[in-house]
Amino acid sequence: MARVGSFPWQDDGREGRGSLARIRLRSVKESLEHLCRHPFVTFFVWLLMGIALSQPAGLWLVQHNIHVVMKEISQDTGLTVWFMRGTGSADIDTTAQSITASGSVKAVTVITAEQALDEFRAASGFNEELAALDSNPLPALLVIELESATSHEALAKLVEGLEQSPHIESVDADTDWMTQLGRMQRISIRLVWILGALFGTGIIFVSVAAVRFAMDSRFEELRVNLLLGASNRFLRRPFNYCGLFYGFGGGVVGAAIVVLALHAIKKPLQELAGSYGGNIEFLAMDYVFCTLLIVVGSALGLLGALQVTHVQMRKDRYLSRMG
Amino acid sequence: MSTVKLANVSKKFPNGFELFKDLNLSINDEHINFVVGRSGVGKTTLLQIMVGLQRPTAGRVMVNNVDIAGFNHAEMLHYRQYVGLVTQNSSLVLDRTVYENVAMPLWIAGLREADIRHRVDASLRIVGMSDAKHYSPTRLSSGERQRVSIARAIVHRPKLLVADEPTGNFDRELALEVLSLFDLFAERNTIVVIATHDPNLVANAKRVYKLENGEISDLQPTSSIAE
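Since we're looking at a predicted model, the values are computed, not measured.

Trainee: Talk me through the overall build of chain B; I want residue IDs and the actual numbers.
Mentor: Across its full length, chain B carries 6 helices and 10 strands. Here the C-alpha radius of gyration of chain B, 17 Å, is about what a compact globule of 227 residues would show, namely 17 Å. C-alpha atoms of chain B, sized along the principal axes, occupy 45 × 40 × 35 Å. A total of 227 residues make up chain B; the buried ones form 48% of that total.

Trainee: Can you tell me about the overall build of chain A, naming the residues and giving the values?
Mentor: Of regular secondary structure, chain A possesses 10 helices and 4 strands. Looking at chain A residue by residue over its 323 residues, the buried ones come to 31%. For chain A, the proportion of contacts with a sequence separation of at least 24, taken over those separated by at least 6, is 87%.

Trainee: Residues and numbers for the domain arrangement of chain A, please.
Mentor: One frequent convention defines the size of an interface as the accessible area lost when the parts assemble. One can read the domain layout of chain A as domain 1 (21-71 + 180-314) and domain 2 (78-173). Domain 1 of chain A and domain 2 of chain A are separated by 55 Å when their C-alpha centres are compared.

Trainee: Give me the lowdown on the interface of chain A and chain B, citing residues and values where you can.
Mentor: Contact with chain A, which involves 27 residues of that partner, is made by 33 residues of chain B. Those elements that provide at least two residues to the side of chain A that touches chain B are helix 1 (17-37) and helix 8 (219-227) of chain A. A breakdown of the residues in the side of chain A that touches chain B according to their chemical character gives 14 nonpolar, 7 polar and 6 charged.

Trainee: Any chance you could break down the sheet that holds strand 2 (residues 18-28) of chain B for me, citing the residues and the numbers?
Mentor: In sheet architecture, strand pairing relies on hydrogen bonds along the backbone and comes in two forms, parallel and antiparallel. All names here are of chain B. Pairing is antiparallel in the open sheet, where 4 strands are placed in the order 2-1-4-5. Bordering the open sheet on either side are strand 2 and strand 5 (66-67), each of which pairs with just one other strand. Both strand 1 (residues 3-12) and strand 2 contribute to a ladder of 7 bridges, which runs antiparallel. Bridge pairing in strand 2 links Val 4 to Ile 27. Across the sheet, helix 1 (residues 43-51) lies against strand 1, strand 2 and strand 4 (58-63), angled at about 120 degrees from strand 1, the strand it touches most.

Trainee: Could you give an account of the packing of helix 3 (residues 98-109) of chain B against helix 5 (residues 142-154) of chain B, naming the residues involved and the relevant values?
Mentor: Residue and element names in this part refer to chain B. Running from amino to carboxyl end, helix 3 crosses helix 5 at an angle of 30 degrees, the nearest separation of the two axes being 7 Å. Considering their axes alone, helix 3 and helix 5 lie roughly parallel with respect to each other. Considering the relative orientation of helix 3 and helix 5, their crossing is right-handed. Taking contact as the criterion, the partners of Val 98, Asn 101, Val 102, Met 104 and Pro 105 in helix 3 are, on helix 5, Val 148, Ala 151 and Arg 152.

Trainee: I'd like a rundown of the sheet that holds strand 10 (residues 215-218) of chain B, residues and numbers included.
Mentor: Residue and element names in this part refer to chain B. Taken in spatial order, the 6 strands of this open sheet run 6-7-8-3-9-10, and their pairing is mixed. Both edges of this open sheet fall to strand 6 (83-86) and strand 10, since each of them pairs with a single strand only. Each strand of the sheet is rotated relative to its neighbour by a mean of 20 degrees, with strand direction disregarded. The sheet contact formed by strand 6 and strand 7 (residues 160-164) spans 4 bridges and is parallel.

Trainee: Break down the domain arrangement of chain B for me, with residues and values.
Mentor: Residue and element names in this part refer to chain B. Domain parsing of chain B yields domain 1 (1-82 + 158-227) and domain 2 (89-157). For domain 1 and domain 2, the distance between their C-alpha centroids amounts to 23 Å. A per-element tally of the side of domain 1 that touches domain 2 places helix 6 (residues 172-187) first, with 4 residues. Its residues placed into classes, the side of domain 1 that touches domain 2 shows 8 nonpolar, 2 polar and no charged.

Trainee: A description of the confidence of the model for chain A should follow, citing residues and the corresponding values.
Mentor: Chain-level pLDDT for chain A is 81 on average; 85% of the residues reach the 70-or-more range. Averaged pLDDT values for the elements of chain A fall to 78 in helix 5 (residues 127-131) of chain A and rise to 89 in helix 10 (residues 287-314) of chain A.

Trainee: Residues and numbers for unusual backbone geometry, please.
Mentor: All names here are of chain B. Backbone geometry places Asn 64, a non-glycine residue, at a positive phi of 50 degrees. Even without a glycine there, the phi angle at Arg 157 is positive, about 50 degrees. Within the element layout of this structure, Arg 157 appears in the loop between helix 5 and strand 7.

Trainee: Tell me about the nonpolar core, and please be specific about residues and values.
Mentor: Within the largest apolar cluster, 117 residues are counted, with the highest numbers of intra-cluster contacts made by A:Met49, B:Val162 and B:Phe182. Among residues more than four places away in sequence, those in contact with A:Met49 are A:Ile203, A:Val206, A:Tyr246, A:Gly247, A:Gly250, A:Val253, A:Gly254, A:Gly297 and A:Gly301. Ranked by size, the runner-up nonpolar core spans 16 residues in total, among them A:Leu79, A:Ala113, A:Leu158 and A:Leu162.

Trainee: How would you explain the environment of B:Glu215 if you had to name every residue and give the values?
Mentor: Residues and elements named next belong to chain B. Tracing the chain through its elements places Glu 215 in strand 10. The exposure class of Glu 215 is partly exposed, given the 13 C-beta atoms found within 10 Å. For the pair formed by Glu 215 and His 134, sequence separation is 81 residues and the distance between their alpha carbons is 45 Å.

Trainee: Tell me about the environment of A:Val159, and name the residues and values.
Mentor: Residues and elements named next belong to chain A. Along the chain, the position of Val 159 falls in helix 6 (residues 152-163). Overall, the presence of 16 C-beta atoms within 10 Å leaves Val 159 in the partly exposed class. The sequence separation of Val 159 and Val 81 amounts to 78 residues, and the corresponding C-alpha distance is 9.1 Å.

Rules and cut-offs
Residues numbered from 1 in each chain as written. Chains lettered and ligands numbered in written order. Predicted model: local features only at pLDDT ≥ 70, side-chain atom pairs only at ≥ 80, totals over all residues. Helix = DSSP H or I, 4+ residues; strand = E, 2+ residues; numbered from the N terminus. Rg over C-alpha atoms; globule rule 2.2 N^0.38 Å. Buried ≥ 20, exposed ≤ 12 C-beta atoms within 10 Å, placed from the backbone. Contact = placed C-beta atoms within 7 Å. Domains from an automatic or database assignment. Nonpolar A, V, L, I, M, F, W, Y, C, P; charged D, E, K, R; others polar. Pairing = 2+ DSSP bridges. Axes fitted to C-alpha atoms, helices over the stretch in contact; angles between N-to-C directions. Parallel < 35°, antiparallel > 145°, perpendicular 65-115°, else oblique. Left-handed = near helix turned anticlockwise from the far one by under 90°. pLDDT = per-residue confidence, 0-100. Core = buried A, V, L, I, M, F, W, Y, C linked by C-beta atoms within 7 Å.

Below, the structure is given as structure tokens:
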């Protein structure tokens, strides 16, 4: 409503507070009517926006599931630390204590050189041959069981620290492929952001084009409304709601696409997880994620609409001329 | 009494053409105010200045002692909500029904749907278009469209009713009938201004102003118009 300090007539509260809800409601109704009047345009806008939204959303799910897989597999990972031959039991105990104190391990088992030899003797049956040796050829070792919540990064840090110890010959941990997976995950996170930005911009452009079409198709009505004294806000409102509904519908379609895609790959994914002996629960589309996708879609649709209505209304093209 | 006073109003277009200069005019809500003159003399521009569709190059447009020429864009739009406007070409939205076209000023005002229905029905009844309320304007003749346009101009009970050649498409009988509608509003303290070149319309008028060569003159008594 215009702020009128001095007005020719007593203001009877047109477009006043009490009626604003009605005006908004009418704008919503008009927007929905427009969407229904142009079903093909609406369908294709929703489809375009849905596809655009599903790309970053799907990739985010993929990278999140990689994270879940890495976490699950790292739970089963243990380390074997091989000491230099001849390392004293005091050094071995000190190393074991320092590893325990690091917090990322569940248990550390010390196997002395003698225990290792006994185990080997029992397992191999080479009693006589081993008895003939001058000294014990086996080193002491530590078997480390990791905490279930140990991340790949913490594991890599622990291995790196152990390898720097002068008493330790080597550390066995099959972490190379996990390192690669971690790198892939970092790439996929960046891709999510890049694709999110690109497709987000795309959605805004789709919204701009669709709302621009809506405005052009109602050019005459806008002109007449302006003639009758409708405020810019009044004129913009139905189109802003149009953008919001386009984005909302796009979000719903996007969520549906991701749900269908996940459903299609669910079985082979579970088979893959089973081959690692894991009982991995993959993250699927839940209500929160769907809602988030719809909210993001609606926000982007609205953003595009706000932009185009702002620009269009600043132009004088809708200003009326009589006669 | 409501008044519209134009004080030293000038209108010059960007191409340098000066339509009128230092124009003075004072009208009120006692009777219908007619502005006559040949085509191109500036009647439409004068009306547009009164309703805020155009701004004067110089001068003041005092409506009830408030200078509307100084209004900003938002204030001008708000002012226009209190004005009824009948344009020469009816300015109806063709993909809306007659009912919806007439309801437009009330939607802008944010009235309840029940009130809107009541007022639109009343306005359409006044102009004799009740039966056509669900029609598209494309189904109507130019005369019928103009009647719908008048219904839209009066539906929100304007304080200032401005009509530019409102009876241009009407036969004499219908023109006089429509004129009686405007009379009705003039009696209800609405300032009514009609631009026309139809001599039949101003035959019995009490307030007639003639726009000629950039100057406006008060033609009284009425008999002189016919001359």
